[in-house]
Amino acid sequence: HFSGLEEAVYRNIQACKELAQTTRTAYGPNGMNKMVINHLEKLFVTNDAATILRELEVQHPAAKMLVMASHMQEQEVGDGTNFVLVFAGVLLELAEDLLRMGLSVSEASYILLTVIEGYEKACKKALEILPDLVCCSAKNLRDVEEVASLLHTSVMSKQYGNERFLAKLIAQACVSILPDSGHFNVDNIRVCKIVGAGISASSVLHGMVFKKETEGDVTSVKDAKIAVYSCPFDGMITETKGTVLIKNAEELMNFSKGEENLMDLQVKAIADSGANVVVTGGKVADMALHYANKYNLMLVRLNSKWDLRRLCKTVGATALPRLTPPTLEEMGHCNSVYLSEVGDTQVVVFKHEKEDGAISTILIRGSTDNLMDDIERAVDDGVNTFKVLTRDKRLVPGGGATEIELAKQITSYGETCPGLDQYAIKKFAEAFEAIPRALAENSGVKANEVISKLYAVHQEGKKNVGFDIEAEAAAVKDMLEAGVLDTYLGKFWGIKLATNAAVTVLRVDQIIMAKPAGGPKPPSGKKDWDEDQND
């Protein structure tokens, strides 16, 4: 029998549990894929929690709190969204157990506050313990081999089996554009997806790749000097319409010739400035194209303003709003611009031979669009992990090792607390077991056996031992030696955001939605009351 308060909290917890259960089966390298069809009927096949949540339309307000916490983790760290969901879901499930322990109705609100207080104390304690669990730190973020080994875990959860190859690609791309200041920008790693071949045909290019064809006859330029225009590559059009009265054939010839001469002068001025590649953000007129071919200018058209801005940043150009000859400062430079064919897709490559180019492109190959989308998400996670490492180089053991050690230490801490909140603190510790449990269940191994083995090893003081997903039975191994490592910041924010979300849901006793009031609807009346019945 529930009181009104408990009933409301219970309903909120149920909604959150269902959402957490959806992503829990997708946790870890052996997690199952979900087939999500969004409101536009676009199909996604992925086990990436961030994508699943982005495409799901979660209606329940309490469940939305978990989604928001997961989004915050995505923005703060870029990885570990599933950890937040699973952990918050289990915290709420265990809070429900505490509520069900048979306390009288009058004590329901007191128990809720005790649970909340216990969770907050335990979270604070977990964040104090976490720095002691750091097993190593990244030494040199400019060493491709070392960076690749640190990105394995992040990539493995999305692309199990391809992690070594992809981690190497991501490491090459990230290291090549890491500035001396150390301020790494995730947007400087671009991804270009081209159907065909296989994952192993993917590569890294310093510079940018566009799935476009060149407009003119020139398809390759070495030592390119690039003029970028945000306007169409066409003659100037007057702002107001004018009427020209032409009386004879000679005037007609002179009129079109005047236009041609003007276009000729404009394109010649651009060629004389030293530019040999023109990039435009609008349409290319036939006459302008003719003169561009005449003066050996390579023409590339980019419809996206975003692409145009990104290209300007890469080559160091300034986008000009009118067809004026660029100055040396306004022109961009790169080693070569050429038209190439990848599979049966034409691409234009702006190539930087310099290793410290402003932008790198990872060219992804794959047999289907869904597969390439999933690889792109793995690349995003890898790039975000690199960014986190530039902020904080500390690493903690993965595979459930950190969680079991936290569970062990927080249980001991709970036993030293005298009040009722010790129950909540012990439940918080128990919640950490959900991570190795999910890894074990998704690998087809008995979860209880794995957890008892992990506790036994951790009691001996081996903090770095976690679940071995590659073994056929319930086995454990040293995660530091296996190279399965998580970022310290990822765990820190994950625990913090999951606890905040769970506590917020527990504090809610009523959901009030602003909707039109109920009651009988007004009569709609007859639509055709004014039409003659006899017609």
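For clarity, every value in this text was computed on a predicted model and none was experimentally measured. (Residues numbered from 1 in each chain as written. Predicted model: local features only at pLDDT ≥ 70, side-chain atom pairs only at ≥ 80, totals over all residues. Heavy atoms only, no water.)

### Observations regarding the sheet that holds strand β13 (residues 394-397)
Logical step 1: Read across the sheet, 3 strands follow the order β3-β13-β16 without closing on themselves; strand pairing throughout is antiparallel. Each having just a single partner strand, β3 (136-137) and β16 (485-487) make up the two edges of the open sheet.
Logical step 2: The sheet contact formed by β3 and β13 spans 2 bridges and is antiparallel. Looking across to β13, one finds that S137 is bridged to R394.
Logical step 3: In this fold helix α17 (residues 488-507) packs onto β13 and β16, with an angle of close to 65° to the strand it touches most, β16. (Pairing = 2+ DSSP bridges. Helix = DSSP H or I, 4+ residues; strand = E, 2+ residues; numbered from the N terminus. Contact = heavy atoms within 4.5 Å. Axes fitted to C-alpha atoms, helices over the stretch in contact; angles between N-to-C directions.)

### A look at a negative patch on the surface
Logical step 1: A grouping of E213, E215, E341 and D344 is seen on the molecular surface, where their side chains present a negatively charged patch.
Logical step 2: Take E213: its relative accessible area is 51%, and that puts it in the exposed class. (Patch = residues over 30% accessible without salt bridge, like charges linked within 9 Å, V, L, I, M, F, W, Y side chains within 5 Å. Areas by Shrake-Rupley, 256 points an atom, 1.4 Å probe, with all protein chains shown as cover. Salt bridge = Lys/Arg side-chain N within 4 Å of Asp/Glu carboxyl O. Lys, Arg positive; Asp, Glu negative; His and termini not counted. Charge placed at Lys NZ, Arg CZ, Asp CG, Glu CD. Buried < 20%, exposed > 50% of the residue type's maximum accessible area, 1.4 Å probe, protein only.)

### Some points on the side chain of E96
Logical step 1: Assignment of secondary structure puts E96 in helix α4 (residues 81-99).
Logical step 2: Within polar-contact distance, the side chain of E96 engages the side chain of K17 at 3.0 Å. (Polar contact = N/O pair within 3.5 Å; in protein donor to acceptor, adjacent residues only side chain to side chain.)

### Here's the deal with the domain arrangement of the chain
Logical step 1: Taken as a whole, the chain is organised into domain 1 (5-135 + 396-507), domain 2 (139-196 + 367-392) and domain 3 (207-351).
Logical step 2: Between the C-alpha centres of domain 1 and domain 3 the distance comes to 55 Å. (Domains from an automatic or database assignment.)

### Digging into the nonpolar core
Logical step 1: By size, the foremost hydrophobic cluster in this structure holds 78 residues, and its most contacted members are Y119, I410, F428, F432, I495 and L506.
Logical step 2: It is α4 that contributes the most residues to this core, 13 residues altogether.
Logical step 3: One finds V147, V155, V175 and M372 within the second-largest nonpolar core, a separate group that totals 34 residues. (Core = buried A, V, L, I, M, F, W, Y, C linked by side-chain atoms within 4.5 Å.)

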